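Coordinate inspection notes
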Amino acid sequence: MQKLVRNEESGIASAFFTAFKQNFKQATKIWLVLLAALIFLGFDGYILLHLRNLNAFWTILTAVWFVLAAACVIVLLYVFPLTARFNNTTFAMIRNSLMTGMHFLFCTVLIALFHFTVFYVIIYVYTPVMFLGEGLCALFSAWIMNGVLLQLEEISNAQNQVPSKTALSDSIDTVPLDAASPDSTDTAAVSHGDVGQE
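Residues numbered from 1 in each chain as written. Predicted model: local features only at pLDDT ≥ 70, side-chain atom pairs only at ≥ 80, totals over all residues. Heavy atoms only, no water.

**Here we look at the overall build of the protein chain**
If you tally the helices and strands in the protein chain, you get 6 helices and 4 strands. Reading the secondary structure of the protein chain in the N-to-C direction produces α-α-α-α-α-α-β-β-β-β. Across the 198 residues in the protein chain, those meeting the buried criterion constitute 36%. The contacts in the protein chain between residues at least 6 apart in sequence include a share of 59% that link residues at least 24 apart. Surface accessibility of the protein chain: about 12,100 Å² in total, with carbon and sulfur atoms responsible for 70%. (Helix = DSSP H or I, 4+ residues; strand = E, 2+ residues; numbered from the N terminus. Buried < 20%, exposed > 50% of the residue type's maximum accessible area, 1.4 Å probe, protein only. Contact = heavy atoms within 4.5 Å. Areas by Shrake-Rupley, 256 points an atom, 1.4 Å probe, with all protein chains shown as cover.)

**Examining the nonpolar core**
Residues Tyr78 and Val79 are the most contacted members of the largest nonpolar core, which totals 20 residues. Breaking this core down by element, the ones donating at least two residues are helix H2 (12–50), helix H3 (56–85), helix H4 (90–103), helix H5 (105–125) and helix H6 (130–160). If we skip the residues at most four places from it in the chain, Tyr78 touches Ser97, Thr100, Gly101, Phe104, Cys107, Thr108, Ile111, Met145 and Val148. (Core = buried A, V, L, I, M, F, W, Y, C linked by side-chain atoms within 4.5 Å.)

**Description of the packing of H3 against H4**
Running from N to C, H3 and H4 point in directions that differ by 110 degrees, and their axes come no closer than 7 Å. Relative to H4, H3 is oriented roughly perpendicular. Along this stretch, H3 crosses H4, giving a crossing that reads as right-handed. Note on element contacts: H4 touches H3 through Met93, Ile94, Asn96, Ser97, Leu98, Thr100, Gly101 and Met102, opposite Ala71, Ile74, Val75, Tyr78, Val79, Leu82 and Thr83. Tallied by class, residues from the contact of H3 with H4 come to 10 nonpolar, 5 polar and no charged. (Axes fitted to C-alpha atoms, helices over the stretch in contact; angles between N-to-C directions. Parallel < 35°, antiparallel > 145°, perpendicular 65-115°, else oblique. Left-handed = near helix turned anticlockwise from the far one by under 90°. Nonpolar A, V, L, I, M, F, W, Y, C, P; charged D, E, K, R; others polar.)

**Side note on the environment of Met130**
For Met130, the location among the structural elements is in helix H6. Remark: the alpha-carbon pair of Met130 and Phe119, spanning 11 residues in sequence, is separated by 8.0 Å.

**Notes on H5**
Note that an α-helix has 3.6 residues per turn; residues three or four places apart therefore point the same way. In this model, H5 (21 residues) spans 29 Å end to end at C-alpha, consistent with the 30 Å of a helix rising 1.5 Å per residue. Taken as a whole, H5 has its buried residues at Cys107, Thr108, Ile111, His115, Val118 and Ile122. One side of H5 carries all its buried residues, which in axial view fall inside an arc of 110 degrees. Turned more than 90 degrees away from the buried face of H5 sit Phe106, Phe116, Tyr124 and Val125, all of them exposed. (Expected span 1.5 Å × (residues − 1). Arc of directions from axis to C-beta.)

**Examining a nonpolar patch on the surface**
A cluster of nonpolar side chains, contributed by Phe116, Phe119, Tyr120, Ile123, Tyr124, Val125 and Tyr126, occupies part of the molecular surface with about 840 Å² of accessible area. Along the polypeptide, Phe119 turns up in helix H5. (Patch = residues over 30% accessible without salt bridge, like charges linked within 9 Å, V, L, I, M, F, W, Y side chains within 5 Å. Salt bridge = Lys/Arg side-chain N within 4 Å of Asp/Glu carboxyl O.)

**What to know about the side chain of Thr108**
Relative to the elements of secondary structure, Thr108 occurs in helix H5. On the basis of relative accessibility, which here comes to 6%, the residue Thr108 falls in the buried class. Reaching out from Thr108, the side chain makes a polar contact with the side chain of Tyr78 at a distance of 2.9 Å. Separated by 2.8 Å, the side chain of Thr108 and the backbone oxygen of Gly101 make a polar contact. (Polar contact = N/O pair within 3.5 Å; in protein donor to acceptor, adjacent residues only side chain to side chain.)

In short, shape yes, function no, at least from these values alone.
Structure (structure tokens):
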């Protein structure tokens, strides 16, 4: 979908199977981590809902749950586009996706609201929209994220002189973003738009 937005798509089927083969192992690891996190949040949310109490302790736990749930949503939105574009370790990719989503907060909110709107329409307004809605969500997300990923890629390439699907060497501004090169894994940090490799 990202290549389609960038007008680089030559064949949808061939590109899909190539990307699927290339990213299957790491994407599976990421899904397992996220699945465990979602199960944990679902279990905790169920307990908090049924132990509802307006005391301070319950309020704090509920606030922490919402923060963790928001972080999980951000990771879900960004981790797979980052996986398709950059090389990195699994946990570094998850952390990078969280940092990227927090840094580009406006884009994150737009994507999340679009997904929420489509899902709301599917569930409460007109269910057949699901056949078109998922594709619209993917296309809209790719269109918004394309600018985000291009910024990250330009910063990385400016320092390392490396092509796409290589190392996401650093993040932007004061957001720490781990990095890994094709041959090694390094931890990096960004300070105000400059990329420096540790």
